[in-house]
Amino acid sequence: PGRNRQGLGYDVITRLGGALGNVYTYGNLGLETRVGWNIPTDFGISLIKPAGDATSTYGAAKRFSFHLFGGIEGKAVARDIFLDGNTFAESHGMDKNTWVAEAVGGAALIVHGVKLAYAQVVRSREFEDQEGNHIFGSITLSWTF
């Protein structure tokens, strides 16, 4: 084992990013660890989000791959139009939490260039009156030609 792209192995992916706009303005920092068989040379699992990163099955398109993954991410939110309200006019808003944390875990399978992944996400409260953490799952199907 070890940081091996062929056979059994693992890797660690760091993330640094952000978004600047009238819908979202934030900075984020995170870490993802993967362990499995023939781990692809990509950027890990990408959940749907603004300014989202791309993912691919590059390097694993013609072989079998399976891996488990887990990660954490912290986000400093300066602007969220869905919580803050309209950018250019007076409107309703909520007291948002500036610091939001997220934990993700799941599994991915690649067969003949087709990638199927499942991720379970737990996100901390995004606004003051939110009753609890936001918990959701994500299924992703992608393929390379």
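Computed from a prediction, not measured in an experiment: that's the story for all the values here. (Residues numbered from 1 in each chain as written. Predicted model: local features only at pLDDT ≥ 70, side-chain atom pairs only at ≥ 80, totals over all residues. Heavy atoms only, no water.)

Looking only at helices and strands, one finds one helix and six strands in the protein chain. Beginning at the N terminus, the succession of helices and strands in the protein chain can be written as β-β-β-α-β-β-β. Expressed as a percentage of its 145 residues, the buried residues of the protein chain come to 34%. A fraction of 58% describes how many contacts in the protein chain between residues 6 or more apart in sequence connect residues 24 or more apart. Within the structure as shown, the protein chain displays about 8,800 Å² of accessible surface, and the carbon and sulfur contribution to it stands at 63%. (Helix = DSSP H or I, 4+ residues; strand = E, 2+ residues; numbered from the N terminus. Buried < 20%, exposed > 50% of the residue type's maximum accessible area, 1.4 Å probe, protein only. Contact = heavy atoms within 4.5 Å. Areas by Shrake-Rupley, 256 points an atom, 1.4 Å probe, with all protein chains shown as cover.)

Okay, the confidence of the model for the protein chain next. Detailed reading of predicted coordinates is not advised where the pLDDT is low. This prediction gives the protein chain a mean pLDDT of 84; 84% of its residues lie at or above 70. Mean pLDDT across the elements of the protein chain ranges from a minimum in strand S6 (residues 134-143), with 89, to a maximum in strand S4 (residues 99-111), with 95. (pLDDT = per-residue confidence, 0-100.)

In this section: empty space enclosed by the protein. Applying the stated rule across the entire model yields two cavities of 30 Å³ or more. Roughly 30 Å³ of internal volume is contained in the second largest cavity. The set of elements that each furnish at least two residues to the lining of the second largest cavity consists of strand S3 (65-80) and S4. Among the elements that make up the lining of the second largest cavity, the one with the highest residue count is S4 (three residues). (1 Å grid on protein atoms, 1.4 Å probe; cavity = no way out; pocket = protein on both sides within 12 Å on 5 of 7 lines; lining within 4 Å. Points joined across faces, edges and corners; volume = space filled by probe spheres on them.)

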